[in-house]
Amino acid sequence: MFRRNGSQCVATFAVDEVRVLRKVAGEVVGLLTDGMDHGDPVVSRLFPDIYPDRPDDSAEFRLYTEGELKTGKIDQAGAILAALPDEGEGEVRLDGEAAEAWLRAINDARLAMGTRLDIRADTDLGEELDEAVLHDPGSSRVFQLSVYAYLGYLQESLLNALPEIE
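Predicted model, so just to flag it, every value in this text is computed and none were measured.

Visitor: Can you explain the overall build of the protein? Please cite residues and give values.
Guide: A count of helical and extended segments in the protein gives 6 helices and 3 strands. What you see in the protein, going N to C, is helices and strands ordered as β-β-α-α-α-β-α-α-α. In terms of overall dimensions, the protein is globule-like: its C-alpha atoms have a radius of gyration of 17 Å, near the 15 Å expected for 166 residues. Projected onto the principal axes, the alpha-carbon positions of the protein cover approximately 50 × 45 × 30 Å. Sorting the 166 residues of the protein into buried and exposed places 37% on the buried side. Nonlocal contacts in the protein, meaning residues at least 24 apart in sequence, comprise 70% of its contacts between residues at least 6 apart. Within the protein, one finds 16 positive and 33 negative side-chain charges whose respective centroids are separated by 2 Å.

See the structure below:
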């Protein structure tokens, strides 16, 4: 997947990978721009209460910080969309700043998907995927768990390809 080439992180994506990454990044942007609902568990996961026991203080903090955080998350997902080919396969080259934006966007996508899929810290993803395949191999859950696992692999490969910070 990602490999280091000088000061850049480079990966070649197949057509299906480009489609999946475009869809995932687009869904994150959509979630954050289409009337963001704070009652949605995914939104709560991406924007947790800073003071869980003090809702009024959390609301005030959110008032001053959420806009900038939301814009940052949208920009990071946009970095994925901007770097990918419009269609078809292609190579992606990321400098350090773009790689960090990709890492944050992938993390947001995994948090969102993990919340929807009820993935917890103690979830064995391999077992979860095996069980889903046994239950219904063509289910959307199998596809979603596969995408979640793929994003984890992509994130790890990008972390390993990042140039050393001096």
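Visitor: So, the packing of helix H1 (residues 15–33) against helix H6 (residues 140–161): which residues are in play, and what are the values?
Guide: Orientation of H1 relative to H6, taken along the N-to-C sense of each, is 95°, at an axis distance of 12 Å. In terms of axis orientation, H1 runs roughly perpendicular to H6. Residues Glu17, Val20, Leu21 and Val24 of H1 lie in contact with H6, whose contacting residues are Phe143, Val147, Tyr150, Leu151 and Leu154. Of the residues in the contact of H1 with H6, the class split is 8 nonpolar, no polar and 1 charged.

Visitor: I'd love a proper account of helix H3 (residues 55–83), names of residues and values included.
Guide: Its 29 residues place the ends of H3 39 Å apart at the C-alpha level, agreeing with the 42 Å of an ideal helix rising 1.5 Å per residue. The largest bend in H3 is about 50°, located at Thr65. Buried within H3 are the following residues: Ser58, Glu66, Lys73, Gln76, Ala77 and Ile80. Contacts from the buried residues of H3 go to H1, helix H2 (41–46) and helix H4 (96–117).

Visitor: Quick rundown of the pairing of strand E2 (residues 8–13)? Include the residues and the values.
Guide: Where strand E1 (residues 3–5) and E2 come together, 3 bridges link them in antiparallel fashion. Counterpart to Arg3 in the pairing with E2 is Val10. Connecting E1 to the antiparallel partner E2 that follows it, the hairpin turn spans 2 residues, and Gly6 within it adopts a positive phi of roughly 65°. Relative to strand E3 (residues 90–94), E2 runs antiparallel, the two being bridged by 5 bridges. In the strand pairing of E3, Cys9 is matched with Leu94.

Visitor: Talk me through the side chain of Arg110; I want residue IDs and the actual numbers.
Guide: Looking at the element boundaries, Arg110 is found in helix H4. Glu156 provides the closest opposite charge to the buried, unpaired Arg110, separated from it by 8.7 Å. Residues in contact with Arg110, not counting those within four places in the same chain, are Tyr148, Leu151, Gly152 and Gln155.

Visitor: Explain the environment of Asn5 to me, and be specific about the residues and the numbers.
Guide: With respect to the helices and strands, the residue Asn5 is situated in strand E1. According to the relative accessible area criterion, Asn5 is partly exposed, its value standing at 41%. Along the primary structure Asn5 and Leu94 are separated by 89 residues, whereas in three dimensions their C-alpha atoms are 9.8 Å apart. When neighbours within four sequence positions are excluded, Asn5 is seen to be in contact with Val10 and Arg93.

Thresholds applied
Residues numbered from 1 in each chain as written. Predicted model: local features only at pLDDT ≥ 70, side-chain atom pairs only at ≥ 80, totals over all residues. Heavy atoms only, no water. Helix = DSSP H or I, 4+ residues; strand = E, 2+ residues; numbered from the N terminus. Rg over C-alpha atoms; globule rule 2.2 N^0.38 Å. Buried < 20%, exposed > 50% of the residue type's maximum accessible area, 1.4 Å probe, protein only. Contact = heavy atoms within 4.5 Å. Lys, Arg positive; Asp, Glu negative; His and termini not counted. Charge placed at Lys NZ, Arg CZ, Asp CG, Glu CD. Axes fitted to C-alpha atoms, helices over the stretch in contact; angles between N-to-C directions. Parallel < 35°, antiparallel > 145°, perpendicular 65-115°, else oblique. Nonpolar A, V, L, I, M, F, W, Y, C, P; charged D, E, K, R; others polar. Expected span 1.5 Å × (residues − 1). Bend = angle between axes of the 7 residues up to and from the residue. Pairing = 2+ DSSP bridges. Salt bridge = Lys/Arg side-chain N within 4 Å of Asp/Glu carboxyl O.

In short, geometric facts, not functional conclusions.
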